[in-house]
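Chains, contacts and geometry: an overview
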Amino acid sequence: MSRAVLSIGSNLGDRLAHLRSVTEALGDRIVAVSPVYTTAPWGGVDQQDFLNAVVVADDPELDSRGWLRLGQQLEAAADRVRVQRWGPRSLDVDVVTCDEIVSDDPELTLPHPRAHQRAFVLVPWLDVAPDGTLTVDGERRLLTDWLADLDDAERAGVHRTDLRLGFHPEDREPDEGERRC
C-alpha cells in the first residue's frame with residue numbers, strides 16, 4: 001500500500017470547491033483530512049490569501065509518481081495555469097511525503113523540499129498526525145519541532161476556519177433509514 005501526505009491549496013475562483021474536488025476525487029482512499037485554513041501567500045507575490053488543507057490517502061495502485069500524476073490531473077481539472085512561481089492558482093496539489101521514499105528527482109523531490117519551512121503545510125498536517133515526523137537532510141524530527149523553528153510571522157499567517165471538505169461523517173447526507181429516525 002502507498003500512503004501519501006498531500007498539501008492542497010487554492011486562492012483563485014471558488015477556493016473551497018477546488019479543495020473539495022480533491023477529496024471527492026480521492027473518495028475512499030482518504031485516511032484523514034485536516035480542517036481548512038486561511039493562509040497568507042508564501043513567496044513574496046502580492047495575491048489573495050489561500051485556503052489550505054492536508055489530506056492523507058492510501059492507494060495500493062499508486063506509487064509516488066502515481067500520486068504526482070493524480071495531483072497534476074486534479075490541478076488540470078481545476079484549470080490550473082502555471083504563470084508565475086508561487087503565484088495565484090486555482091488548485092495546488094503537492095505530494096509532501098509518500099511512504100518513506102526519499103528522492104532528489106527534480107520532477108518529484110521527496111519529502112517535499114520546503115514542507116518543513118511552511119506553516120501552511122505543518123499546521124494542518126499536525127491536525128491529522130499530531131505525532132507526525134518529517135525527515136529533512138537525514139534529520140528526522142517531529143512536525144511540532146519543525147513548526148517551532150519557523151518565524152513567528154510565518155506561523156501567524158495560518159488561521160483555522162469552520163470550513164469543511166466534506167469528508168467528515170457529519171457532512172454527508174443522511175441515508176433513507178436515518179431520515180426516518
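Residues numbered from 1 in each chain as written. Predicted model: local features only at pLDDT ≥ 70, side-chain atom pairs only at ≥ 80, totals over all residues. Heavy atoms only, no water.

Focus on the layout of surface pockets
- Of the voids in this model, the second largest pocket is the one considered here, and its volume is about 360 Å³.
- Lining the second largest pocket are 20 residues, with Thr 97, Asp 99, Glu 100, Trp 125 and Thr 133 sitting closest to its centre.
- Elements represented by at least two residues in the lining of the second largest pocket include exactly strand E1 (2–10), strand E2 (30–33), strand E5 (92–98), helix H3 (119–128) and strand E8 (133–136).
- At three residues, E8 tops the list of elements feeding residues into the lining of the second largest pocket.
- For the lining of the second largest pocket, the residue count by class is 12 nonpolar, four polar and four charged. (1 Å grid on protein atoms, 1.4 Å probe; cavity = no way out; pocket = protein on both sides within 12 Å on 5 of 7 lines; lining within 4 Å. Points joined across faces, edges and corners; volume = space filled by probe spheres on them. Helix = DSSP H or I, 4+ residues; strand = E, 2+ residues; numbered from the N terminus. Nonpolar A, V, L, I, M, F, W, Y, C, P; charged D, E, K, R; others polar.)

Digging into the side chain of His 116
- Mapped onto the elements, His 116 comes out in the loop between strand E7 (108–110) and H3.
- Not counting residues up to four positions away in its chain, the partners in contact with His 116 are Leu 122, Leu 134, Val 136, Trp 146 and Leu 150. (Contact = heavy atoms within 4.5 Å.)

Section: helix H2 (residues 64–77)
- Compared with an ideal rise of 1.5 Å per residue, which puts 14 residues at 20 Å, H2 spans 20 Å between its outermost C-alpha atoms and is within 8% of the ideal.
- Every buried residue of H2 is listed here: Ser 64, Gly 66, Trp 67, Leu 68, Leu 70, Gly 71, Leu 74 and Glu 75.
- Tucked inside the fold, the buried residues of H2 contact E1, helix H1 (15–26), strand E4 (50–59), E5 and E7.
- The distance from a side-chain oxygen at the start of H2 to the backbone nitrogen of Arg 65 is 3.2 Å, and the residue carrying that oxygen is Asp 63.
- Phi turns positive one or two residues past the end of H2, at Asp 79, with a value near 60°. (Expected span 1.5 Å × (residues − 1). Buried < 20%, exposed > 50% of the residue type's maximum accessible area, 1.4 Å probe, protein only. Polar contact = N/O pair within 3.5 Å; in protein donor to acceptor, adjacent residues only side chain to side chain.)

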